[in-house]
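Fold and contact review
Here is how the chains run, residue by residue.
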Amino acid sequence: MAVLITGGTGYIGSHTVVEMLNNDYEVIIVDNLSNSKIDVLDKIYKITGKKVKFYQYDLCDETLVDKLFNENKIDAVIHFAGLKAVGESTMKPIEYYYNNILSTLNLIKVMKKNDVKKIIFSSSATVYGKQDKFPIEEGFKLNEPTNPYGKTKLYIENILKDLYKSDSSWDITLLRYFNPIGAHESGLIGEVPNGIPNNLMPYINQVATGKREKLFVFGNDYDTVDGTGVRDYIHVCDLAYGHLCALKHLKGLNIYNLGTGNGYSVLEIVKAYERVNNVKIKYEIAPRREGDIDTCYASPKKAEDEIGFKCTRDLDEMCRSSYNFEKKNNKL
Ligand code: NAD
Ligand code: UD1
């Protein structure tokens, strides 16, 4: 079975490519390298011993998407490609709507033309917005995200739902990721943030390696175990495995949370990271970050019951592999 992986040289995409190759799928990657590097392909080869076909195409160019499908026999698509920085999206909303939505429209238009009707889409827990009941289940009412990035995820979910309504011969799975962290055990692939990291784990990594002086903890007056924000962190390799489960069960329209079901506070993450890696993470309590919510964690039950997805890597493993990748790759 040949799977087209869009955004396959990116953080989650590259780990999913490894998972697919290890399970003998034929993989074709398309990525415009706007947020990843070509050397990821060598690293994938080092890990798996397998070469993948790669196209440096922008999915916003429909003629290139056409070419891709004309040149390859594709059975299913896993669609990771997109811009993902929340803060940047508020400054460049048009770029985010244009890139994320147009690339998806081109992709599904060309898929339809070629009678390829199987797609898995990278959505996000951000589509739930602020909830007051936990764990969060897939059937909860969605609240419109406050930033353009989050809105692109919600709008694309709606586009794909409408597509299915119009033609139920499509098989569409929307995967709502919680907070992916960690890296492949080899330390060869992982997350390489652009500039100052927005997200917690990449920031902690840079404090650990001395690139940044201290972590700013955004608020300690939330209604949580220690006042700091609680999230559902999931190891990126478990997340990658979730795509394999979804692909094996791709039938009809389905939505799954990919999370562990455990919530950890910022300070719990800091403590675990320090203990596991034997490093000190200096931090300072700072004001709340605009748009942040106090708590967010998934019910992983539907994904377990219906597609057999279960996480096997714990928080210690997430912290260990994050630091391992950082030491090897993101030099001062
Ligand atoms: P990433 O930036 O590492 O990977 C995305 C890849 O898409 C990059 O390699 C980029 O070069 C490519 N790309 C972007 N626009 C493109 C275009 N028009 N044509 C071709 N390639 C293009 O991001 P990631 O963390 O691996 O995230 C993958 C997907 O998962 C994204 O859609 C993201 O929004 C979603 N997601 C990520 C998180 C997270 O915390 N990382 C959480 C929820 C959802
Ligand atoms: C972020 C995105 C969200 C996306 C999710 C999953 C924002 C505002 N939201 O959410 O759209 O779906 O990632 O990838 O970026 N924190 C600090 N100091 C830091 C960084 C973070 O204290 O320097 C805290 C935050 O306040 C939060 C927790 O750490 O409580 C996790 O933050 P982050 O990694 O940015 O993820 P989310 O806020 O869950």
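Preceding this section is the structure that the text describes.
Our subject in this report is the structure included herewith. Keep in mind it's a predicted model, so treat the numbers as computed, not measured.

1. Focus: empty space enclosed by the protein
Enumeration over the complete set of coordinates arrives at one cavity of 30 Å³ or more. Quantified by volume, the largest cavity comes out at close to 80 Å³. Tyr-11, Ile-181, Gly-182, Glu-191, Pro-193, Met-201, Pro-202, Asn-205, Ser-322, Phe-325 and Glu-326 together form the lining of the largest cavity. A per-class count over the lining of the largest cavity returns six nonpolar, three polar and two charged.

2. Here's the deal with the sheet that holds strand 14 (residues 295–296)
The three strands lie next to each other as 12-9-14, forming an open sheet whose pairing is mixed. Only two strands of the sheet have a single neighbouring strand rather than two, namely strand 12 (264–265) and strand 14. Of the pairings in the sheet, the one linking strand 9 (residues 230–231) to strand 12 comprises two bridges and is antiparallel in character. Looking at the pairing, Val-230 lines up with Ser-265 of strand 12.

3. Describing the site of ligand 2
Within the structure, ligand 2 sits among 19 residues, and Ser-124, Phe-216, Arg-231, Arg-289 and Asp-292 are positioned closest to it. In the environment of ligand 2, an oxygen atom lies 2.8 Å from a nitrogen or oxygen atom belonging to the backbone of Phe-218. Contact between ligand 2 and Arg-289: an oxygen atom at 2.8 Å from a side-chain N or O atom of the residue. When ligand 2 is considered free in solution it has 730 Å² of accessible area, and contact with the protein chains removes 86% of it. Top contributing element to the shell around ligand 2 by residue count: strand 8 (residues 215–218), with four residues. Residue classes in the shell around ligand 2 are distributed as ten nonpolar, six polar and three charged.

4. Comments concerning the sheet that holds strand 3 (residues 53–55)
Strand order in the open sheet formed by seven strands is 3-2-1-4-5-6-11, and the pairing between neighbours is parallel. If you trace the sheet from one side to the other, it starts and ends with strand 3 and strand 11 (253–258), each paired once. Sheet twist, expressed as the average angle between the axes of neighbouring strands with direction ignored, equals 20°. In terms of strand pairing, strand 1 (residues 2–6) meets strand 4 (residues 76–79) through four bridges, oriented parallel. Paired with Ile-5 across the two strands is Ile-78, which belongs to strand 4. The sheet contacts of helix 5 (residues 93–113) involve strand 1, strand 4 and strand 5 (118–124), and relative to strand 4 the element is tilted by about 175°. In the packing of helix 8 (residues 236–248) onto the sheet, contacts are made with strand 1, strand 4, strand 5, strand 6 (171–177) and strand 11, and the angle to strand 6 comes to roughly 160°.

5. What to know about the state of the cysteines
A complete count under the given rule lists zero disulfides for this structure. Lacking any disulfide linkage, Cys-237 is separated from the closest cysteine sulfur, that of Cys-311, by 11 Å. Judged by relative accessible area, Cys-311 falls into the partly exposed class, the value being 23%.

The rules behind these values
- Residues numbered from 1 in each chain as written.
- Chains lettered and ligands numbered in written order.
- Predicted model: local features only at pLDDT ≥ 70, side-chain atom pairs only at ≥ 80, totals over all residues.
- Heavy atoms only, no water.
- 1 Å grid on protein atoms, 1.4 Å probe; cavity = no way out; pocket = protein on both sides within 12 Å on 5 of 7 lines; lining within 4 Å.
- Points joined across faces, edges and corners; volume = space filled by probe spheres on them.
- Nonpolar A, V, L, I, M, F, W, Y, C, P; charged D, E, K, R; others polar.
- Pairing = 2+ DSSP bridges.
- Helix = DSSP H or I, 4+ residues; strand = E, 2+ residues; numbered from the N terminus.
- Near = heavy atom within 4 Å.
- Polar contact = N/O pair within 3.5 Å; in protein donor to acceptor, adjacent residues only side chain to side chain.
- Areas by Shrake-Rupley, 256 points an atom, 1.4 Å probe, with all protein chains shown as cover.
- Axes fitted to C-alpha atoms, helices over the stretch in contact; angles between N-to-C directions.
- Contact = heavy atoms within 4.5 Å.
- Disulfide = S-S within 2.5 Å.
- Buried < 20%, exposed > 50% of the residue type's maximum accessible area, 1.4 Å probe, protein only.

Bear in mind that shape data such as this cannot, by itself, settle questions of function.
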